[in-house]
Amino acid sequence: MNSLMQRVLRNDWDRLPASLQAHHQFGPNVDVGHMDIEFPVWMKPYLWLLHRFGALLPRSGKQLPTRVEKDVVDDRQCWRRTMQFPDGKRFTFNSFWVPSDGNRLIEFVNPLLGLEMAVRVERDRLHYDGVRFVLKLGRLVVGLPEWMILGHTTIVERSLPGSAFAMDFRLTHPIFGQVFRYAGTFTTQVRPPGNGLCNRPAGRG
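Residues numbered from 1 in each chain as written. Predicted model: local features only at pLDDT ≥ 70, side-chain atom pairs only at ≥ 80, totals over all residues. Heavy atoms only, no water.

### Observations regarding a nonpolar patch on the surface
(1) Moving on: A contiguous nonpolar patch, built from Trp42, Ile175 and Phe176 and spanning about 400 Å² of accessible area, is present on the exposed surface.
(2) Moving on: One can find phenylalanine 176 in the loop between β10 (164-173) and β11 (177-190). (Patch = residues over 30% accessible without salt bridge, like charges linked within 9 Å, V, L, I, M, F, W, Y side chains within 5 Å. Areas by Shrake-Rupley, 256 points an atom, 1.4 Å probe, with all protein chains shown as cover. Salt bridge = Lys/Arg side-chain N within 4 Å of Asp/Glu carboxyl O. Helix = DSSP H or I, 4+ residues; strand = E, 2+ residues; numbered from the N terminus.)

Have a look at this one:
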């Protein structure tokens, strides 16, 4: 079966390098690597609040061991991210992706709040561009401008030598500039099914 990303990209899927196709493959898999997290000090209280709702992380760090588990049930791709900090503290947050219109997908960080993004392949790199935040109230979906929450989202994923890939996630506010960034390098491994990942709610683990 085709993965969610393969369905969204359609013919452009074939332009992705093998490491990015592995990252977005159908079925259970895990990315293992290290990640840097950075943000201005004044953002920390806001990030703590957002983390309570299942979004982002309120701590910064360099080369943090990171594990990203993924699984698929029907039209939903589920993600569980776990980061290990030097003091032994672990932060985990869950989300899920669903397809939207055309070349778009929505990532929900809890059952109500999501981010709609448009994806495209450019020079064998995968680009995500934030379109709007969405608030899902039953069958009603309300769009919210990006600046009302955090700012514009961009993500770039690119292949590295061997089977690794790099990703770079940034949030840029029209007034305050870059307010959050995380970036890292990973390799993808297939893992056996059956851990109930998609049965866990989005938000903090």
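### Remarks on the pattern of salt bridges
(1) Moving on: Scanning the model with the defined rule gives 14 salt bridges in all.
(2) Moving on: Here arginine 104 ties to glutamate 116 by a salt bridge, and the two come within 3.9 Å at their closest N and O atoms. Of the two residues, arginine 104 sits in strand β5 (residues 104-108) while glutamate 116 sits in strand β6 (residues 113-122), which places them 12 residues apart along the sequence.
(3) Moving on: Here arginine 132 ties to glutamate 116 by a salt bridge, and the two come within 2.7 Å at their closest N and O atoms. Here arginine 132 is found in strand β7 (residues 125-137), whereas its partner glutamate 116 is found in strand β6, with 16 residues between them in sequence.
(4) Moving on: When its relative accessible area of 30% is taken as the criterion, arginine 132 is described as partly exposed.
(5) Moving on: The network of salt bridges with common partners includes Glu38, Lys62, Asp168, Arg170 and Arg181. (Buried < 20%, exposed > 50% of the residue type's maximum accessible area, 1.4 Å probe, protein only.)

### Some thoughts on the pairing of strand β4 (residues 90-99)
(1) Moving on: Counting buried positions along β4 yields 8 of 10 residues, so the element is predominantly enclosed.
(2) Moving on: Both strand β3 (residues 76-84) and β4 contribute to a ladder of 8 bridges, which runs antiparallel. Within β4, the residue paired with arginine 80 across the bridge is asparagine 94.
(3) Moving on: Between β3 and β4, which follow one another and run antiparallel, lie 5 residues, and glycine 88 among them has a positive phi close to 95°.
(4) Moving on: Sheet analysis places β4 next to β5, joined by 4 bridges and oriented antiparallel. Residue tryptophan 97 lies in a different strand from β5, and its bridge partner there is glutamate 107.
(5) Moving on: Hairpin connection from β4 to β5: 4 residues lie between these consecutive antiparallel strands, with glycine 102 at a positive phi of about 60°. (Pairing = 2+ DSSP bridges.)

### Section: the confidence of the model for the chain
Residues shown with low pLDDT carry predicted positions that ought not to be read at fine detail.
(1) Moving on: Summing up the model confidence of the chain, the mean pLDDT is 92 and the portion of residues at 70 or higher is 97%.
(2) Moving on: Within the chain, strand β12 (residues 203-204) has the poorest average pLDDT of any element, 66, and strand β9 (residues 152-159) the best, 98. (pLDDT = per-residue confidence, 0-100.)

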